[in-house]
Amino acid sequence: MKKRLLIILLSIVMLVPVVCVLSACNGDNDYDYAITVWVGEGTKELTERQIAAFNETNEWGIKFKADVQIVSESKAVGDATQKPADSADIFCFAQDTLARAVRSNLLAPLNGPSLDFIKETSTEEAQEAATVGNTIRAFPMTADNGFFLYYNKDVVSESHVGNLEDIIADCRNAGQNFSANLTDSGWYSAAFFYATGCSSVWETDENGGFVNYTDDFNSEKGIVALKGMAKVLAMGDGYVESDKVSTFSAGTPSAAVISGIWDYKAAKTILKDNLGVAPLPSFTVDGTTYQLPTFLGYKFMGIKPQSDAYKAVYLQKLAMYLTGEECQRQRFEEMGWGPSNVTLQADSTITSEALQALAATKHVQQGQYPTNWWTQMDLMTKSLKTSPNAVDSALQGMLTTYSSSLHALVTDNE
Amino acid sequence: MKKKKAPDFVTVELRDGSEVNNEEVMLFKMNGVSYLACAPQSQPDEEGREIVLCRRQKRSVNVDELPVGKFPDGGMFWQQLPCGEEQDAVFAEFCRRYEQEAQEKRRKELKAAEYLKLNRWQRFVYKLKAFFCAIPRWFVALFKKIGRFFKNLGLKIADNAVDLWRTFRYGSWSTRVSFLVMGFGNFAHGQWLRGLLFLLMQGAFITYMVLSGAHWLSLFGTLGKVATVEVYDEVLDITIVQHVDNSFKILLYGILTIFFIFAFAYTWRLNVKQCRICDEITRSGKKVKSAKDDLKSIVDDQFHKTLLSLPVFGIVMFTILPIIFMILVAFTNYDYLHDGYNNLFTWVGLENFNSILTFGSGLSVAFGEILAWTLIWAFFATFSNYFLGMFVAMMINKKGIKIKKFWRTILVMTIAIPQFISLLYVSNLFADNGVVNAYLIRWHIIDSPIHFWTDGTLAKIMVLAVNIWVGIPYLMLITTGILMNIPDDLYESSKIDGANGFQQFAKITLPYMLFVTGPYLLNSFISNINNFNVIYLLSEGGPARPDWGQVGGYIAGDTTILITWLFGITTGAEANYKMASVIGILIFVVVSVLSLIVFTIMPSNRREDDFS
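Residues numbered from 1 in each chain as written. Chains lettered and ligands numbered in written order. Predicted model: local features only at pLDDT ≥ 70, side-chain atom pairs only at ≥ 80, totals over all residues. Heavy atoms only, no water.

## Notes on the interface of chain B and chain A
It is common to give the size of an interface as the accessible area that goes away when the parts come together. Each side of the interface is counted separately: chain B has 34 residues, and chain A has 38 residues. Between chain B and chain A, a total of about 3,100 Å² is buried, with carbon and sulfur atoms accounting for 57% of that surface. At the surface where chain B touches chain A, the tally comes to 0 salt bridges. Counting across the interface, chain B meets chain A through 7 residue pairs in polar contact (both at pLDDT 80 or more). At 5 residues, strand E8 (residues 238-243) of chain B tops the list of elements feeding residues into the side of chain B that touches chain A. Tallied by class, residues from the side of chain B that touches chain A come to 15 nonpolar, 13 polar and 6 charged. (Contact = heavy atoms within 4.5 Å. Buried area = accessible area lost by both parts, 1.4 Å probe. Salt bridge = Lys/Arg side-chain N within 4 Å of Asp/Glu carboxyl O. Polar contact = N/O pair within 3.5 Å; in protein donor to acceptor, adjacent residues only side chain to side chain. Helix = DSSP H or I, 4+ residues; strand = E, 2+ residues; numbered from the N terminus. Nonpolar A, V, L, I, M, F, W, Y, C, P; charged D, E, K, R; others polar.)

## Let's talk about the pattern of salt bridges
Counting across every chain of the model gives 19 salt bridges over all chains. Linking Lys 44 of chain A and Glu 48 of chain A is a salt bridge whose minimum nitrogen-to-oxygen distance equals 3.0 Å. Remark: Glu 48 of chain A and Lys 44 of chain A occur in helix H2 (residues 44-57); sequence separation between them is 4 residues, near one turn of the helix. Here Lys 44 of chain A falls in the partly exposed class, since its relative accessible area comes to 29%. A salt bridge links Arg 276 of chain B to Asp 163 of chain B, with the nearest nitrogen and oxygen atoms 2.7 Å apart. Note that Arg 276 of chain B is positioned in helix H8 (residues 247-283) and Asp 163 of chain B in helix H4 (residues 120-170), a separation of 113 residues in sequence. Among the ionic contacts, a cluster of salt bridges with common partners joins Asp 163, Arg 269, Arg 276 and Glu 280 of chain B. (Buried < 20%, exposed > 50% of the residue type's maximum accessible area, 1.4 Å probe, protein only.)

## Considerations on the packing of aromatic side chains
Residue and element names in this part refer to chain B. Taken as a whole and assessed by the stated rule, the structure comprises 55 aromatic pairs over all chains. On the numbers, 5.8 Å between centres and 25° between planes, the contact of Trp 121 with Phe 124 is stacked. Here Trp 121 and its partner Phe 124 are both found in helix H4, 3 residues apart, which amounts to about one turn of the helix. Assessed through its relative accessible area of 58%, Trp 121 is described here as exposed. Relative accessible area serves as the criterion here: at 43%, Phe 124 is assigned to the partly exposed category. The interplanar angle of 45° and the centroid separation of 4.9 Å between the aromatic rings of Phe 379 and Phe 383 together place this pair among those described as tilted. With Phe 379 and Phe 383 both in helix H12 (residues 362-397) and 4 residues apart, the pair spans about one turn of that helix. (Phe/Tyr/Trp six-rings, centres within 6.5 Å; stacked < 30°, edge-to-face > 60°.)

## Focus on the confidence of the model for chain B
Residue and element names in this part refer to chain B. Considering every residue of chain B, the mean pLDDT works out to 79; 80% of them sit at 70 or more. Per-residue pLDDT stays below 50 along residues 1-15; that stretch engages in 52 contacts with residues further than four places along the chain or on separate chains. Across residues 20-35, where pLDDT falls below 50, the model places 54 contacts with residues more than four positions away in sequence or in other chains. (pLDDT = per-residue confidence, 0-100.)

## Digging into the confidence of the model for chain A
Summary statistics for chain A give a mean pLDDT of 85 and a share of 93% for residues scoring 70 or more. Here helix H1 (residues 2-29) of chain A stands out as the least confident element of chain A, with mean pLDDT 61; strand E3 (residues 90-94) of chain A is the most confident, with 92.

## With respect to the pairing of strand E8 (residues 177-180) of chain A
Residue and element names in this part refer to chain A. Here E8 shows a buried face lined by Asn 177 and Ser 179 and a second buried face lined by Phe 178 and Ala 180. In this structure, E8 lies alongside strand E12 (residues 254-260), joined through 3 bridges in parallel fashion. In the sheet register, Ser 179 faces E12, and the bridge partner there is Val 257. Relative to strand E11 (residues 239-241), E8 runs parallel, the two sharing 3 bridges. Looking at the pairing, Ser 179 lines up with Val 240 of E11. (Pairing = 2+ DSSP bridges.)

## Remarks on the nonpolar core
Residue and element names in this part refer to chain A. Counting 68 residues, the largest nonpolar core has Phe 64, Phe 91, Phe 93, Phe 139 and Tyr 150 as the members making the most contacts within it. Considering each element in turn, this core owes the most residues, 6 residues, to helix H11 (residues 309-322). Each of two domains, domain 2 (28-144 + 298-359) and domain 3 (146-296 + 360-413), supplies a minimum of three residues to this core. Other than its neighbours up to four places away in sequence, Phe 139 contacts Leu 110, Ser 114, Phe 117, Ile 118, Lys 299, Phe 300, Met 301, Ile 303, Gln 316, Ala 319, Met 320 and Thr 323. One finds Tyr 194, Trp 373, Met 380 and Leu 399 within the second-largest nonpolar core, a separate group that totals 61 residues. (Core = buried A, V, L, I, M, F, W, Y, C linked by side-chain atoms within 4.5 Å. Domains from an automatic or database assignment.)

## Some details on the sheet that holds E11 of chain A
Residue and element names in this part refer to chain A. The sheet built from 5 strands is open, its strands ordered E11-E8-E12-E7-E13 with mixed pairing. Bordering the open sheet on either side are E11 and strand E13 (275-278), each of which pairs with just one other strand. Neighbour to neighbour, the strand axes of the sheet diverge by 25° on average, direction disregarded. Of the strands in this sheet, strand E7 (147-152), E8 and E12 are in contact with helix H7 (residues 164-173), which crosses E8 at around 130°. (Axes fitted to C-alpha atoms, helices over the stretch in contact; angles between N-to-C directions.)

## Focus on a positive patch on the surface
All names here are of chain B. A surface patch of like charges, here positive, comprises Lys 144, Lys 145, Arg 148 and Lys 151. By the element assignment, Lys 151 lies in helix H4. Since its relative accessible area comes to 53%, Lys 151 is described here as exposed. (Patch = residues over 30% accessible without salt bridge, like charges linked within 9 Å, V, L, I, M, F, W, Y side chains within 5 Å. Areas by Shrake-Rupley, 256 points an atom, 1.4 Å probe, with all protein chains shown as cover. Lys, Arg positive; Asp, Glu negative; His and termini not counted. Charge placed at Lys NZ, Arg CZ, Asp CG, Glu CD.)

## Focus: the environment of Leu 358 of chain A
Residue and element names in this part refer to chain A. With respect to the helices, strands and loops of the structure, Leu 358 is situated in helix H14 (residues 353-360). Placed 62 residues apart in sequence, Leu 358 and Leu 296 show a C-alpha to C-alpha distance of 9.0 Å. With residues near it in sequence (within four places) discarded, Leu 358 still touches Asp 144, Gly 146, Phe 147, Phe 148, Thr 294, Leu 296 and His 363.

## Structural notes on the pairing of strand E6 (residues 139-145) of chain A
Residues and elements named next belong to chain A. Counting buried residues along E6, 7 of its 7 residues qualify, which places the element largely inside the surrounding structure. By the bridge criterion, 4 bridges tie E6 to strand E16 (residues 294-303) in an arrangement that is antiparallel. From the neighbouring strand, Asn 145 faces E16, where its bridge partner is Gly 297.

## Observations regarding the side chain of Asn 152 of chain A
With respect to the helices and strands, the residue Asn 152 of chain A is situated in strand E7. Contacts of Asn 152 of chain A, omitting those with residues within four sequence positions, involve Phe 248, Ala 255, Leu 271 and Asn 274 of chain A.

## Observations regarding the packing of helix H17 (residues 488-496) of chain B against helix H18 (residues 501-529) of chain B
Any two packed helices are characterised by the angle at which their axes cross and by the distance between the axes. Residue and element names in this part refer to chain B. Across the interface, H17 lies against H18 with an axial gap of 11 Å and an inter-helix angle of 145°. In the packing of H17 onto H18, the handedness of the crossing is right-handed. Residues Leu 490, Tyr 491, Ser 494 and Lys 495 of H17 form the contact with H18, whose participating residues are Gln 504, Ile 508 and Thr 509. Partitioned by chemical class, the residues of the contact of H17 with H18 number 3 nonpolar, 3 polar and 1 charged. (Left-handed = near helix turned anticlockwise from the far one by under 90°.)

If you want it as structure tokens, here you go:
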């Protein structure tokens, strides 16, 4: 009797996993492909809904079982490089990592229909931004990757928001801080150089390698830019190294924060009606006023290189859907993200306070930069932070160090 | 003089080939020094025959090559030895060199009586000096050991080769077949289980090598040739990408294959050896072990092997293999540009070590400073916690202190909250715009915030101070127990002798504590070298040091220690695994050298007998 019981028990133990596996397989049978999708914070649920809608409506009857994971757009390419075999089939990433994604072979080549789709639906600037060498490599998803000024109306008066010195003075008078991410992100600090007329342009080849560059940061104009930045950094204790609107509610709160559209909701929650948004201010050095511009970049959706041709085709269909007009509209409505789609950009209903502030800020179309370029910018601004009141020769020294590091960033020299 | 060890008898072979009674010459050890003793009758005769000592019948040692200075005072054994002029000269030379060595030694070493006259500080200096003087000798000994290892290895291989040849030459036909078909000899002798296992091993090895091993091994030298191939599908109008080689897998499976080859070679040798043993047993008319005996033995006299097989396999797969993999990565260009999957990586030799150790290069300057701060940090973090923890424990244990449990509980509360949370909280608390600064300004104590984390020196002091806060409770708990164990009569008698509180601490408490907690201190020092949590959660290694430039794809800062540097360069946007591996190896070298040094000078290691 005991033996028989044991046999039954063991049989059940053996059968359970088999049944589980079979049922799991059955579950998978409802789908054609199981895929992983990386999206930015806050868009997981929306993307899941959008993929479900694609599964229902697509004309080919394709069904994706999507595992949507949150990976910040700025880190997606870096993460994919760290585990390339296990990275997502579709991932959203920021423009500044495009060349590196191509260099690391993380993006599948796009074929005819996808290219036609991008050319039809995206603005020319967006297409240009998605191009490495002469080839478009990814699907533009948003066109709002820039920054502007958030401020506390109680502290900074509306008449002062156009001028950096006035904003700083208002913050100081109220015993509050000014937040910007100047020494930790070249993306923000480059604005001072572009304001004075400097530029750094990098040329890529088809493989995402950097083959040439023109950079005049190491010049008289560059010194002016550093002096402008030093005005903020010399605030010393009044300057907070952060682009987070959460500094509005810090122990010593900030009264002005330079950040982007992604922080609008959070800023509104903290300051409510006191929240003001404005284009970036101007700054004055030696009697001349310079208007700060913002880099205007894009967020893209990329597809991992596939070895299954059918899967690759359908992933492109899905990406077209996710970056299409309908999905971009949903992203604007639910997240406030600015679309890259031409139709939506022309739509007057697609606008918001933050988007207007961004649109009103002077733009610099963001190009492709080597990953190390951003770090070199950080090194330069960090040096400036340690001695914000440096004399011209010291400033020149910082620019020379920066400039001498650039040659090594050309791919052949890496 | 008393002999501590039984003498090692040696055979004395004279130059003409004749041997003398091996009991007439002997080597023996006394107080760690080898001596040679020679009976008068075994002296070389007047023809001046050379004496050759054959120790353990294997190695010949010419007396001329015997280490100098290893003879007792006066060379009493040698006085009887030389007979001819030549030997006289040899002896005179020995005496001269021995005397010279002895003088040198006397000059360096203080006599025991003189040592006892020294005060504590002088003794410490003397020990320290002796320790550093001994370092070159360690290295010499180490190199000698390495040399000996390789020599022995060579000898062993040669022995094995000879043994294999003999086995083949004199073995039975089944043994000879075993050279090709593993386990054949065992089958022939009726040991089917062993034979089957050997055969299975051979089958598995050949199958593995044919199916994949040879492939991995052939690519091991280059770590792959082609990463990806793009294929255009005309029907679907799409380009797909096929992955060909994967450097990561090649490296990993290459190591595995090499392991497997060694394991196979060992098994093959075992197979031949067992066949030879079987032959010998059969020849002597005895019965060889059957499968039943083998099965019995794995739970009986070979039970240790049964028990250890799984753990050993686990250690090889999950510890040794990854360590070898990590070490080998240091010799490749594995980084974010060469991920091994989409872009292959390859061997670069010592280039990575060169870039970090080359004097004057940006990376080496940063490495030097970071290493120095790591050691300073580990030293202060360990000893500040140790002494302050001890003081707190002593204070709480002091008679007359009320509500002891309450004080203890308050301190232990720090342990109750996960470090992860408390450290992040403290980090925000002391930020430039954090609560501490905000209140100090509001109460008009300061005008501008104190840069707790953004000023290099202050940040260093802060991480040490916060580490004290986090670490003291552990030390308090550990030391409370030990302090209670110190016999009260020691304190009482010292009090009668007129010792004050400090003297009691210095002469009784501290030596006792140091003795008991010596290994803990070392362990704590090593873990502080790798104390990632405190540094990273508090200051993230900052404030940044732009003057170092980018060190391995990461901007390091004033409080960066080796382990946070390693973390930064593996997880940043420009992951640099090759440098991380180099740093890992260097951390290992630093930690092991320090451990060895500290273990050598630690009282608990040296004076075990004295402790009571």
